[in-house]
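What follows is the residue order along each chain.
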Amino acid sequence: MLAALLCSPLVRADIFKCVDEAGHVTYTNSKPSGKGCNTLARDQAVSSVPGGGRPAAASAPSSGASSASVGFPRVDSGTQKARDTDRRRILEEELATEQRALDGAQKQLTEQEAVRYGDERNYQKVLDRLQPFKDKVHLHERNIEALKREIGNLR
């Protein structure tokens, strides 16, 4: 079996570099049918890892726009203001809902803390029974903090 493997011919494939009308470069090992495709030299190293793209300076338009906004659609200020207002309204509604949920969770925790069952002679059993209620209160408190931070970050 070792002799069969050593005698097998090496497999080689031609690699083609194709550039379309828009300037996009594609590398392929199948025979292209379009124009703009060239065979790469066999001694040239080819990497199969995708590149990081074009540098921002090469693709930036000359209109003076920042390179971060290249390729993103522009929105007029009135539309953006309406979107920001909607976002603020939604976040404030979520904050009010979360506050009501926190109040309910705190009420449930207080009610459960006032109750003592007969089989809970061991205080650890009480703590184990109360833990889900405490977790719910803590979750709502964290959600409220996150929503307040998000509202504070709005313009």
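Anything mentioned here points back to the structure above.
Residues numbered from 1 in each chain as written. Predicted model: local features only at pLDDT ≥ 70, side-chain atom pairs only at ≥ 80, totals over all residues. Heavy atoms only, no water.

So, the environment of Ala146
As a reminder of what qualifies: Counting from the N terminus, the helices are DSSP H or I runs at least four residues long and the strands are E runs at least two residues long. Here the term buried applies to any residue with accessible area under 20% of the maximum for its type, exposed to any over 50%, and partly exposed to those in between, with areas from a 1.4 Å probe on protein chains only.
Mapped onto the elements, Ala146 comes out in helix H4 (residues 123–152). Look at Ala146 and you get partly exposed, because its relative accessible area is 33%. Along the sequence, Ala146 and Leu95 sit 51 residues apart, while their C-alpha atoms lie 9.3 Å from each other.

Some remarks on the sheet that holds strand E1 (residues 16–19)
Using the following cut-off: DSSP-based pairing: two strands are paired if at least 2 bridges between them are found. For helices, the fitted line uses only the C-alpha atoms of the stretch in contact; every axis is such a line through C-alpha atoms, and the angle between N-to-C directions lies from 0 to 180 degrees.
Spatially, the 3 strands line up as an open sheet ordered E2-E1-E3, and their pairing is antiparallel. Edge positions in the open sheet fall to strand E2 (25–28) and strand E3 (37–39), since each of these has one partner strand only. Between one strand axis and the next, the sheet turns by 20 degrees as a mean value, whatever way the strands run. The pairing of E1 with E3 spans 3 bridges and is antiparallel. When the sheet's bridge partners are listed, Lys17 is paired in E3 with Asn38.

Any functional reading would require information beyond the geometric quantities listed.
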